[in-house]
Amino acid sequence: YRKAFVPPIGVARVTAVSGQGFKVEKRRLLKDDVPDVYLKIKLGDKVWQTSMQKNNLTPEWNETADFLLSDNNQVLHVEAWDEDKGMLASDDELGKTSMTIAEILLEGKTKEVELLDSENRGTGAFVTLYCDVCRLKADPKAFDSLPPSNHFGGLLTIIVTKAFNL
């Protein structure tokens, strides 16, 4: 199986807005653990991680990352984690979900989704994501005017270093 190059159609600007419904982990001997929540978001080959919101059941990130988008049906994977400090402590997964970029756009660019556990059951915790897409243009004349203030622009150059059996 070989990955074939699919030219990007644009840039997906994904914003991790907020979360809600995270639960306190009750402990018998130690102090109860309020989660230190962060998200890992993956689209294509790129993985992005938000900042950690310490001791927060309703985290607000409002953090943004850009991903190359090859297709509106490309799947965005989201995982929520509880950061644990200490030599023997590993971070705990709070839930995960996935959706296509098209699903977010069809919801008006903002979508609240429930996180699922390892058996695909709802956890009661939700994250809100915002996504906007900037389409790539092949025409250099598109740079003759500045984009609107709520858009971004740039130049993408692809250099082919080797080609076989053309």
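Here's what I pulled together on the structure shown here. (Residues numbered from 1 in each chain as written. Predicted model: local features only at pLDDT ≥ 70, side-chain atom pairs only at ≥ 80, totals over all residues. Heavy atoms only, no water.)

### Here we look at the overall build of the protein chain
Note the threshold: Strands are runs of DSSP state E lasting at least 2 residues, helices are runs of H or I lasting at least 4, and numbering of each runs from the N terminus. With a 1.4 Å probe rolled over the protein chains alone, any residue whose accessible area is under 20% of its type maximum counts as buried; one over 50% counts as exposed, and the rest are partly exposed. Contacts are assigned to residue pairs that have any heavy atoms within 4.5 Å of one another. Only the protein chains shown count as covering a residue, and every accessible area follows the Shrake-Rupley method with a 1.4 Å probe.
The helix and strand tally for the protein chain stands at 1 helix and 8 strands. Tracing the protein chain from N to C terminus, the helices and strands come up as β-β-β-β-β-β-α-β-β. In the protein chain, buried positions account for 32% of the 166 residues. By sequence separation, contacts in the protein chain at least 24 residues apart represent 57% of the contacts at least 6 residues apart. In the form shown here, the protein chain has an accessible surface area of approximately 11,400 Å², with 53% of it arising from carbon and sulfur atoms.

### Observations regarding the nonpolar core
Operational definition: By nonpolar core is meant a set of buried Ala, Val, Leu, Ile, Met, Phe, Trp, Tyr and Cys residues that side-chain atoms within 4.5 Å join together.
Of all hydrophobic cores here, the largest spans 26 residues; its most connected members are L39, I41, L76, V78 and I101. Elements supplying a minimum of two residues to this core: strand 1 (10–20), strand 2 (37–43), strand 4 (60–69), strand 5 (75–82), helix 1 (101–106), strand 7 (110–116) and strand 8 (122–135). Broken down by element, this core gets its largest block of residues, 5 residues, from strand 8. When sequence neighbours within four positions are dropped, the list of residues in contact with I41 reads A16, K46, V47, W48, F67, L76, H77, V78 and L129.

### Structural notes on the pairing of strand 1
Selection criterion: For two strands to pair, DSSP has to find at least two bridges joining them.
The buried fraction of strand 1 is high, at 8 of 11 residues. With 8 bridges connecting them, strand 1 and strand 4 associate as antiparallel partners. When the sheet's bridge partners are listed, S18 is paired in strand 4 with E60. Inspection of the sheet shows strand 1 paired to strand 8 by 10 bridges, in the antiparallel sense. Paired with G10 across the strands is R135, a residue of strand 8.

Read these as layout, nothing more, since geometry by itself doesn't imply function.
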